[in-house]
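For reference, the chains in residue letters:
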Amino acid sequence: MQTSPGLIELAPSILSADFAHLAEQVRSAEEGGASVVHVDVMDGHFVPNITIGPPVVKSLRKSTKLPLDCHLMIENPDQFILEFADAGSDWISVHQEACIHLNRTLNLIRSHNLLAGVVINPATPVDTLSEVLDIVDYVLVMSVNPGFGGQKFIPGVVQKIRRLAEIRANRGLNYRIEVDGGIALDTVGDVVRAGAELLVAGNAVFGHGDPKTNAQRLLKAATEATLLKV
Ligand code: DX5
Ligand code: ZN
């Protein structure tokens, strides 16, 4: 599985989708240009909410060919990585804050031939990742405190995206930069100009209206912002 640094991709978060019509909603977002499906897994411990687990990933796997990007907001992720791999995940990301043995956890994800991502909360500095940046395929910068869809974007995280892009260039690394939380037409430009390439959006794609049109608009705004990148 290859990653493509620089390519802007939209990863709709199904957290805001209508679960009774999940396959249709994902199809509609795909028709609008979405190319990754973001799956938010919450355990009620690491974050104050409970969502979905491997059975939903397994069902989704049968209904879309798009890569499934599983964002684990759970304690003890090592315990569940095999199950998510078997269910059909393509990418798995874990929180720096949830992993005592982060190097081991990321290598465990890689051992299943999946893309491995590391996530940082808004209050966690980029520097806490310095020793793992060479073993990750992507870094996910949270732009809200994880736990719920539809929250307000935290502007202070833009400088973290910029810093990750600088470190990548200085150290000659290849990880991609993903951003998650409050991404919509009014925030997507700033994150793309800072260097984000994988754009997670829940509410802005599934919260209202037609997922296809919403995805198209968001991608258009993101692509236009890359043209203004300095
Ligand atoms: C938050 C989740 C996000 C969330 C994004 O804990 O990780 O993926 O669904 O939703 P929006 O785009 O609505 O902020
Ligand atoms: Zn997420």
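Residues numbered from 1 in each chain as written. Chains lettered and ligands numbered in written order. Predicted model: local features only at pLDDT ≥ 70, side-chain atom pairs only at ≥ 80, totals over all residues. Heavy atoms only, no water.

Q: In this structure, what is going on with the overall build of the protein chain? I would like to understand it.
A: Looking only at helices and strands, the protein chain has eight helices and eight strands in total. Against the 2.2 N^0.38 benchmark of 17 Å for 230 residues, the protein chain shows a C-alpha radius of gyration of 16 Å, consistent with a compact globule. Structurally, the protein chain occupies a C-alpha span of about 45 × 40 × 35 Å along its principal axes. In the protein chain, buried positions account for 54% of the 230 residues. Once local pairs closer than 6 in sequence are excluded, the contacts in the protein chain between residues at least 24 apart make up 66%. (Helix = DSSP H or I, 4+ residues; strand = E, 2+ residues; numbered from the N terminus. Rg over C-alpha atoms; globule rule 2.2 N^0.38 Å. Buried < 20%, exposed > 50% of the residue type's maximum accessible area, 1.4 Å probe, protein only. Contact = heavy atoms within 4.5 Å.)

Q: What is the right way to look at the nonpolar core in this model?
A: For soluble globular proteins, nonpolar side chains are generally found buried alongside one another. Core analysis: the biggest nonpolar cluster contains 68 residues, and Leu106, Val191 and Leu199 have the highest contact counts within it. Sequence-distant contacts of Leu106, defined by excluding residues within four places in its chain, comprise Val94, Ala116, Gly117, Val118, Val132, Ile135 and Val136. Ranked by size, the runner-up nonpolar core spans seven residues in total, among them Val36, Trp91, Leu115 and Val200. (Core = buried A, V, L, I, M, F, W, Y, C linked by side-chain atoms within 4.5 Å.)

Q: Is there a simple way to think about the coordination of the zinc ion (ligand 2) in this case?
A: Each donor-metal-donor angle would ideally measure 109.5 degrees in four-coordinate tetrahedral geometry, or 90 or 180 degrees in six-coordinate octahedral geometry. Taken together, the protein donors to the zinc ion (ligand 2) comprise His38 (NE2), Asp40 (OD), His71 (ND1) and Asp180 (OD), at separations of 2.0 to 2.3 Å. Classification of the site at the zinc ion (ligand 2) as octahedral follows from its six donor atoms and the range of 69 to 168 degrees in their angles at the metal. (Donors = N, O, S within 2.8 Å, 3.2 Å for Na, K, Ca; no water. Tetrahedral: all angles 85-135°; square planar, octahedral: opposite > 155°, others 65-115°.)

Q: Would you mind showing me how to read the sheet that holds strand β5 (residues 115–120) here?
A: By way of backbone hydrogen bonds, the strands of a sheet pair with one another, either parallel or antiparallel. One open sheet holds the eight strands; their spatial order is β1-β8-β7-β6-β5-β4-β3-β2, and the pairing between them is parallel. Each edge of the open sheet carries a strand with a single partner, namely β1 (9–12) and β2 (37–42). The average angle at which neighbouring strand axes cross in this sheet is 25 degrees, direction not considered. Relative to strand β8 (residues 198–201), strand β7 (residues 176–180) runs parallel, the two sharing three bridges. Counted as the bridge partner of Val179 is Leu199 from β8. Packed onto the sheet, helix α2 (residues 54–63) meets β2 and β3 (68–73) and runs at close to 170 degrees relative to β3. The strands touched by helix α4 (residues 102–111) within the sheet are β4 (91–95) and β5, with β5 carrying the most contacts at an inclination of about 145 degrees. (Pairing = 2+ DSSP bridges. Axes fitted to C-alpha atoms, helices over the stretch in contact; angles between N-to-C directions.)

Q: Explain the side chain of Thr187 here, please?
A: In this structure, Thr187 sits in the loop between β7 and α6 (188–194). Among the polar contacts made by the side chain of Thr187, one reaches the main-chain carbonyl oxygen of Gly182 at a distance of 2.9 Å. (Polar contact = N/O pair within 3.5 Å; in protein donor to acceptor, adjacent residues only side chain to side chain.)

Q: Honestly, the environment of Ser59 in this entry has me stumped. Any pointers?
A: Of note, Ser59 is situated in helix α2. Note on Ser59: relative accessible area 44%, which makes it partly exposed. Remark: the alpha-carbon pair of Ser59 and Gly88, spanning 29 residues in sequence, is separated by 9.1 Å.

Q: So what exactly am I meant to see when it comes to the site of ligand 1 here?
A: Not every one of the 20 residues close to ligand 1 is listed here, only the nearest: Asp40, Gly147, Gly150, Asp180 and Gly202. Within the side chain of Ser13, a nitrogen or oxygen atom sits 2.9 Å from an oxygen atom of ligand 1. Put simply, the parts of the chain that give the shell around ligand 1 at least two residues each are β2, β3 and β8. With three residues, β2 is the single largest residue contributor to the shell around ligand 1. Its residues placed into classes, the shell around ligand 1 shows eight nonpolar, ten polar and two charged. (Near = heavy atom within 4 Å. Nonpolar A, V, L, I, M, F, W, Y, C, P; charged D, E, K, R; others polar.)

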